[in-house]
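Read off the chains here:
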Amino acid sequence: MPTLCLIDLGYRMAAQTQANQITNDKKHALGSGGHGGNLRQLAKRAGRPVSDILDFSANLNPLGSPAWLRMVVNRTLEEAEAYPDPYADEFRQAFADAHRLSADQIVAGNGSSELLYAIPRALDVNRAWVPGPGYIDYARACEAAGVAVDTFFLDESRGFLPDLADLAQKIKPGDLVFFGQPNNPTSSATAPEVLRSFIMQHAETWFVIDEAFADFCPEVSILPTVPANAIVSRSLTKFYAIAGFRLGCIAASVEVASKIRQAIPPWNVNTLAQAVGIRALSDKNYADQTICMTNELRADLCNELGKLDGVTVYPAKANYVLCRFDAPWPVAKEIVDTLLLGDGIAVRACDNYTGLSNRYLRFAVRPAHEQKKLVDALRVIGISCFPASEAAQIPVTVKNAKIQNRRAKTLMLQGTGSNVGKSVLAAAFCRIFLQDGYRVAPFKAQNMALNSFVTRDGGEMGRAQVVQAQACRLDPDVRMNPILLKPSSDVGSQVIVNGHPVGNMRVKEYHAYKPQAAAAARTAFDDLAAEYDIVVLEGAGSPGEVNLKSHDIVNMRMAEYANSPVLLIGDIDRGGVYASLIGTMDVLESWERKLIRGYLVNLFRGDASLLAPAHEYVENYTSRPVVGVIPYLKDLGVPDEDSVSFKSGQKSTRLSTREDALTIALVELPHISNFSDFDPLITEPDVTLKTVRSPEQAKGADIVILPGSKNVLDDYAWLESSGFAKWLTSDACTAEIVGVCGGLQMLGTTVADPHKLESARGQCPALGILPLTTTLELDKVLLQTEGTHKTSGKTVRGYEIHHGRTVATGDVEPILTRNDGEAIGFELTTRPVWGTYLHGIFDADEFRRWWLDRARMRKGLQPLQSVQAHYDIDAALNKLAQIVRENVDMKRIREWMGF
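Computed from a predicted model, the values in this text were never measured in an experiment. (Residues numbered from 1 in each chain as written. Predicted model: local features only at pLDDT ≥ 70, side-chain atom pairs only at ≥ 80, totals over all residues. Heavy atoms only, no water.)

Novice: Describe the side chain of D215, naming the residues involved and giving the relevant values.
Specialist: You can see D215 is positioned in the loop between β6 (206–210) and β7 (230–235). Among residues more than four places away in sequence, those in contact with D215 are R234, S235, F239 and I291. (Helix = DSSP H or I, 4+ residues; strand = E, 2+ residues; numbered from the N terminus. Contact = heavy atoms within 4.5 Å.)

As structure tokens, this is what we get:
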């Protein structure tokens, strides 16, 4: 066995000084220190923020850091006041257990580089042999320890594998030989049994097996066997994407490990790194997922690079790929500069590796959308080099990668929770960009709402995206909301894909369906992104819902797919906004955090300058700025995003200032839908509109409205249990009663659901006020409708969304008929009770005023006669856009979008 030696601290300090000088000299000569991944230097050179650099120069896990990383760090920060374990005993034990070794065989390091530098100082070494090409710091570590260095070359014709027979003739007892397993930068590896046999045949020679990237290809590792003359080096920072923590270790015999441990100072691994390492070594799921994903991404990258003329792609084992770019391609440095300065893409030139010329580049394996950008950018460079053959290989749509498929700019709005104003602010940005001369479209991958709309071609979509389409001055298109979930119970929803129902699903059923839903959403987005200049995306709920993130298709996964900057919105009016913003960031994974660029504080009442200290705190804590404070906007005239406003009481009452006002009571059914039908009533000066949950709250109202319902049978049961049914059918109720859609069905005598589309009840009696019977059929009526209201003579228009088929069974007056002759509205002649299937009937200004005046005259009030309020959402959108434009940093937002 080779000789061991122990060097004193003074020598170590002198050696480290020498190493620093060598490193600095080479850094000056190379201009980059010989390493990739210096993001700050790359960003400065590119003239871009660090977040805008696509880094293919550092070989880190393409999945990003594990989801638990921030949680472990936050928990462990409480221990930061105390010294760390001086020798990282618990971490060493965890590594030993994971690789069937003894903890005494393990030495923990501040990154594997610290250990590589310690090895030649701790061993009695005559000469070092390093591979060429190979990791640059092998030679530096030996030179710093005063050890002479020779190179054994890896022949390209042998797949960059060492010629072990030739090496055996060169090495001598007491030498130190380095092997990269897999090698960096070639990504090649010798069969472990061959390497193990070679080491054991040369028992008087030291061997360092650098397995820094072996976790990506565990089949190349020589562990758990560690020959007495071998030291296996491992890095956790690459595989777990925690390079900033600096964590690695070596495995050796107990005697060798002890000597190396004495060559490095205690407390060299900090408390946070130790805790992260322990957790990492227990995460088998992350490891398996990484290996699978890396293999897929690497194969795709090699395939796409291999399609480029003049490029040789070498077989790869690890999470990086070596390529040779032959003339007439520019030399490596020119390609590096072109990619960095033109596209913000950092790659690794390999001309400072021994044995490689200025024709070699190394590319890290990265997420698919980043690899696509890299290959597209290389294709653009390649066109000028191979104008005939290369152009023939590239489809017309990618001949210029910067405009391929006319890919739209994007902006995504997400929130700290539901009802923080995402939908309204998305509409605002749609109108702002439209005013600025762009073709804009809204998009929400998945919307859970009872408030839906029917498009001209009979598709169903969420009302929020309809309003956003109006902000873009576009006809609503189901691609703007490809997945709509309409809850039919506490545990199930009707699932609507691309405008048409595909079935009722419980939660587990929908989770199984999610991959198909996600594919539909991505296709819809791609179509819109190819047609418009800008797509404004909206998220759902909060991206920080830890119980939902694994199935996400609407928040961060959609932002990632769209490559969209994200603004996170918080509602200050409800309190706790800054804790919500910070807390949301804290539960996001690293890749998710990178997508969030800044915050919007919504619904503020007061002087926004008073918030400056809080904004400074948030930016210092999260490195993200608050780029806008939106004032509280009362009676804006833009419909809310969902019934959550009613549930929270935000719209429970809208009071008129007139003494002669009508009082309208809107019954808040448990499964209320299409509540925006009644937004026009809020604009009327002589109307007090209130939502009610009990007959006591409705008493004294001039009009009672039963709105639409997604579960008519269950909601009728609620009318019974709440006392509403008894009151509405009694003489005590003197109010006019109006039913819309589901409300119309409840006014009849029976409602049958033989297919159990909405409820397991099957059939129930109804109020029996109108002589109507309703049966819910499998086929859903989805129509835009226009007609003349018989009693008033006014034109009304809107849309129908219903499974019900309603038939008159007695004396009732049809007051609204479709062009095909089917009655969709009925009224009693003996009592002020009527109902209709037409959503949006109150949008018509003249009809609305006629109806209200009729109610005024019934009450003994003078009719106002002329239209008092114009339900003009376009004017409201312009006002909204102006307010948002005045209160957000549009310049910075445009920069984030790539303008």
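That was the structure; now back to the text.
Novice: I'd like to hear about the packing of helix α19 (residues 577–587) against helix α21 (residues 612–622), residue by residue, with values.
Specialist: For the pair α19 and α21, the least separation of the axes is 11 Å and the interaxial angle reads 5°. When the axis of α19 is compared with that of α21, the two are roughly parallel. Residues Y578, I582, M585 and D586 of α19 touch α21, and the partners they reach there are A614, H615, Y617, V618, Y621 and T622. The residue inventory of the contact of α19 with α21, partitioned by class, reads seven nonpolar, two polar and one charged. (Axes fitted to C-alpha atoms, helices over the stretch in contact; angles between N-to-C directions. Parallel < 35°, antiparallel > 145°, perpendicular 65-115°, else oblique. Nonpolar A, V, L, I, M, F, W, Y, C, P; charged D, E, K, R; others polar.)

Novice: Talk me through the packing of helix α12 (residues 332–343) against helix α13 (residues 368–385); I want residue IDs and the actual numbers.
Specialist: For the pair α12 and α13, the least separation of the axes is 11 Å and the interaxial angle reads 115°. As α12 runs across α13, the sense of the crossing is right-handed. Contacts between α12 and α13 involve I335, T338, L339 and D343 from the first element and L374, A377, L378 and I381 from the second. (Left-handed = near helix turned anticlockwise from the far one by under 90°.)

Novice: Help me get a handle on the packing of aromatic side chains, residues and values and all.
Specialist: Enumeration according to the criterion identifies 32 aromatic pairs in this entry. Consider the rings of W718 and F724, whose centres lie 5.7 Å apart with planes at 40°: the pair is tilted. One aromatic cluster is present, formed by F678, W834, F842, F847, W850 and W851 through successive ring pairs. It is R362 that lies over the ring of Y320; its NZ or CZ is 5.9 Å from the centre. When the ring centre of Y561 is taken as origin, the NZ or CZ atom of R522, which lies over that ring, is 5.7 Å away. (Phe/Tyr/Trp six-rings, centres within 6.5 Å; stacked < 30°, edge-to-face > 60°. Lys NZ or Arg CZ within 6 Å of the ring centre and 35° of its normal.)

Novice: Break down the sheet that holds strand β36 (residues 795–808) for me, citing the residues and quoting the values.
Specialist: Strand order in this open sheet of four strands is β34-β33-β35-β36, and the pairing throughout is mixed. This sheet does not close on itself; its edge strands, each paired only once, are β34 (763–765) and β36. Ignoring strand direction, the axes of neighbouring strands in this sheet form an average angle of 35°. Direction of pairing for strand β33 (residues 750–752) relative to strand β35 (residues 772–788): parallel, over a ladder of three bridges. Within β35, the position partnered with T750 by the bridge is T773. (Pairing = 2+ DSSP bridges.)

Novice: Explain helix α10 (residues 271–281) to me, using residue names and the numbers behind them.
Specialist: Counting buried residues along α10, eight of its 11 residues qualify, which places the element largely inside the surrounding structure. Along α10, the residues that are buried comprise T271, A273, Q274, A275, V276, G277, A280 and L281. Residues of α10 that are buried in the fold lie against α3 (69–76) and α4 (89–98). Between the side-chain oxygen of the N-cap and the backbone nitrogen of L272 there are 2.9 Å, and the N-cap of α10 in question is N270. (Buried < 20%, exposed > 50% of the residue type's maximum accessible area, 1.4 Å probe, protein only. Polar contact = N/O pair within 3.5 Å; in protein donor to acceptor, adjacent residues only side chain to side chain.)

Novice: Residue-level account of the sheet that holds strand β4 (residues 148–153), with values.
Specialist: In space, the seven strands of this open sheet follow the order β2-β8-β7-β6-β5-β3-β4, with mixed pairing throughout. In the strand order of this sheet, the two ends are held by β2 (106–109) and β4, each with one partner. Strand after strand, the sheet turns through a mean of 25° between neighbouring axes, direction not considered. Of the pairings in the sheet, the one linking β6 to β7 comprises four bridges and is parallel in character. The residue bridging V208 from the neighbouring strand is I231, located in β7. Its contacts with the sheet place helix α6 (residues 136–144) against β3 (127–132), β4, β5 (176–180) and β6, and it is angled at close to 155° to β5.

Novice: So, the pattern of salt bridges: which residues are in play, and what are the values?
Specialist: A full pass over the atoms with the stated rule returns 54 salt bridges. Of the charged contacts in the structure, one is a salt bridge between R140 and D137, with a shortest N-O distance of 3.2 Å. Of this pair, R140 and D137 both sit in helix α6, separated by three residues, roughly a single helical turn. For the pair shown, R140 and D137 are each scored as buried. For E736, the salt bridge identified is with R854, shortest N-O distance 3.5 Å. Here R854 lies in helix α28 (residues 845–859) and E736 lies in strand β32 (residues 736–740), a separation of 118 residues in the sequence. Taken as a pair, E736 and R854 share a single burial class, namely buried. (Salt bridge = Lys/Arg side-chain N within 4 Å of Asp/Glu carboxyl O.)

Novice: Tell me what's going on with the state of the cysteines, and back it up with residues and numbers.
Specialist: By the definition in use, this model includes zero disulfides. C217 supplies the cysteine sulfur nearest to C249, a cysteine that is in no disulfide, at a spacing of 16 Å. As a non-bridged cysteine, C292 has C217 as the owner of its nearest cysteine sulfur, 15 Å distant. C292 sits in the partly exposed class, given a relative accessible area of 43%. (Disulfide = S-S within 2.5 Å.)

Novice: Before we move on, could you go through the side chain of S709 and cite the residues and values that matter?
Specialist: Residue placement: S709 occurs in strand β31 (residues 708–709). There is a polar contact of 2.9 Å between the side chain of S709 and the backbone nitrogen of N711. Excluding anything up to four places from it in sequence, S709 contacts L669, H671, S673, D715, G742 and M746.

Novice: Residue-level account of the pairing of strand β20 (residues 492–497), with values.
Specialist: Counting buried positions along β20 gives six out of six residues, so the element sits mostly inside the fold. Along β20, one buried face is formed by G492, Q494 and I496 and the opposite face, lined by S493, V495 and V497, is buried too. In the sheet, strand β19 (residues 483–487) pairs with β20 via five bridges, with the strands oriented antiparallel. Bridging across to β20, L484 finds its partner in I496. In this sheet, strand β21 (residues 500–506) lies alongside β20 in antiparallel orientation, the contact comprising six bridges. In the strand pairing of β21, G492 is matched with R506.

Novice: An account of the nonpolar core is requested, with residue identities and associated values reported.
Specialist: Counting residues in hydrophobic clusters, the biggest one holds 61 residues, and the most contacted among them are I664, V667, I705, L719, F842 and W851. With residues up to four places along the chain from it excluded, the contact list for F842 reads D677, F678, P680, L681, V738, W834, F847, R848 and W851. In terms of nonpolar packing, the next biggest core, distinct from the first, is built from 59 residues, W68, W129, A287 and Y314 among them. (Core = buried A, V, L, I, M, F, W, Y, C linked by side-chain atoms within 4.5 Å.)

Novice: Break down the pairing of strand β15 (residues 440–443) for me, citing the residues and quoting the values.
Specialist: Burial along β15 is two-sided: the residues V440 and P442 and A441 and F443 are all buried. Looking at chain direction, β15 and strand β22 (residues 534–538) are connected through four bridges and run parallel. Looking at the pairing, V440 lines up with I534 of β22.

Novice: Tell me about unusual backbone geometry, and name the residues and values.
Specialist: Put simply, N184 and P185 share a cis peptide bond, and its omega is 25°. Residue position: P185 is located in the loop between β5 and α8 (192–201). Geometrically, the link from L223 to P224 is a cis peptide bond, its omega value of 10° lying close to zero. Position of P224 among the secondary structure elements: in the loop between β6 and β7. A positive phi angle is found at N498, which is not glycine, with a value near 50°. In this structure, N498 sits in the loop between β20 and β21.

Novice: Talk me through α19; I want residue IDs and the actual numbers.
Specialist: Residues of α19 that are buried include every one of V577, Y578, L581, I582, T584, M585 and D586, and no others. Packed against the buried residues of α19 are α3, β23 (566–571), α20 (590–595), β24 (596–604) and α21.

Novice: Residues and numbers for the environment of A275, please.
Specialist: Tracing the sequence through the fold places A275 in helix α10. Note: C-alpha distance between A275 and W329 (54 residues apart in sequence) is 47 Å. Those residues in contact with A275, other than ones at most four positions away along the chain, are V72 and T76.

Novice: Residues and numbers for the environment of P120, please.
Specialist: Positionally, P120 belongs in helix α5 (residues 112–122). You can call P120 buried: its relative accessible area is 3%. Residues P120 and V208, spaced 88 residues apart in sequence, show a C-alpha to C-alpha distance of 9.9 Å. The contact partners of P120, leaving out residues within four places of it in the chain, are V125, A141, C142, A145, V147 and L176.

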